[in-house]
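Secondary and tertiary structure notes
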Amino acid sequence: MPDYTDEEYDALDEYYTKNPPRVSGDGKSGFFAKHKGQSPGHVIIVDDLSADWLRIKAVAEHTTPEAIIGQLVRKEIARTA
């Protein structure tokens, strides 16, 4: 996360105080609501280097980061079988 100055933090605070993010509140359209019933393990956090590599590889292969991860996992499973 970037290191902001006090003025930048104050500006962000003022902006989001005056313009709070809109949420639907319908229980259906949010990220976690759309993935309800899936294991919490289906959401992962990776470091910036890994995320950048996944995005670049996915764009180059015209696919998604999820597909790249799936390919890597399947290769590793096959290698160790």
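Please refer to the structure placed before this passage.
Right, let's walk through the structure included here. Please read all numbers here as calculations on a predicted model, not as lab measurements.

1. Section: the packing of helix α3 (residues 48-60) against helix α4 (residues 65-80)
The description of two packed helices rests on the angle between their axes and on the distance between the axes. The N-to-C vectors of α3 and α4 enclose an angle of 100 degrees; their axes lie 8 Å apart at closest approach. Considered as vectors, α3 and α4 are oriented roughly perpendicular to each other. For the pair α3 and α4, the contacting residues are Trp 53, Leu 54, Lys 57 and Ala 58 in the first and Pro 65, Ile 68, Ile 69 and Leu 72 in the second. Across the contact of α3 with α4, the residue classes tally to 7 nonpolar, no polar and 1 charged.

2. Topic: α3
Because an α-helix completes one turn every 3.6 residues, residues spaced three or four positions apart along the sequence face the same direction. The terminal C-alpha atoms of α3, which comprises 13 residues, lie 18 Å apart, in line with the 18 Å expected from a rise of 1.5 Å per residue. All of the buried residues in α3 are Ala 51, Leu 54 and Ala 58. When α3 is viewed along its axis, its buried side chains cluster within an angular range of 65 degrees and face the same direction. Counted as exposed and oriented over 90 degrees from the buried face of α3: Asp 48, Leu 49, Ile 56, Val 59 and Ala 60. Close packing links the buried residues of α3 with α4. For α3, the N-terminal cap is Asp 47; the gap from its side-chain oxygen to the backbone nitrogen of Leu 49 is 3.1 Å. With its phi angle positive at about 55 degrees, His 62 sits one or two positions after the end of α3.

3. Details of unusual backbone geometry
A positive phi angle, near 55 degrees, is found at His 62, a position not held by glycine. Considering the arrangement of structural elements, one finds His 62 in the loop between α3 and α4.

4. Section: the packing of aromatic side chains
In this structure the tally under the stated criterion is 2 aromatic pairs. Here Tyr 4 and Tyr 9 contribute two aromatic rings whose centre-to-centre distance is 5.4 Å and whose plane-to-plane angle is 80 degrees, an arrangement assigned as edge-to-face. Overall, the relative accessible area of 28% leaves Tyr 4 in the partly exposed class. Classification of Tyr 9 by relative accessible area gives partly exposed; the value is 40%.

What counts, and where the lines are drawn
- Residues numbered from 1 in each chain as written.
- Predicted model: local features only at pLDDT ≥ 70, side-chain atom pairs only at ≥ 80, totals over all residues.
- Heavy atoms only, no water.
- Axes fitted to C-alpha atoms, helices over the stretch in contact; angles between N-to-C directions.
- Helix = DSSP H or I, 4+ residues; strand = E, 2+ residues; numbered from the N terminus.
- Parallel < 35°, antiparallel > 145°, perpendicular 65-115°, else oblique.
- Contact = heavy atoms within 4.5 Å.
- Nonpolar A, V, L, I, M, F, W, Y, C, P; charged D, E, K, R; others polar.
- Expected span 1.5 Å × (residues − 1).
- Buried < 20%, exposed > 50% of the residue type's maximum accessible area, 1.4 Å probe, protein only.
- Arc of directions from axis to C-beta.
- Polar contact = N/O pair within 3.5 Å; in protein donor to acceptor, adjacent residues only side chain to side chain.
- Phe/Tyr/Trp six-rings, centres within 6.5 Å; stacked < 30°, edge-to-face > 60°.

Such coordinate-based values are descriptive only and should not be taken to indicate function.
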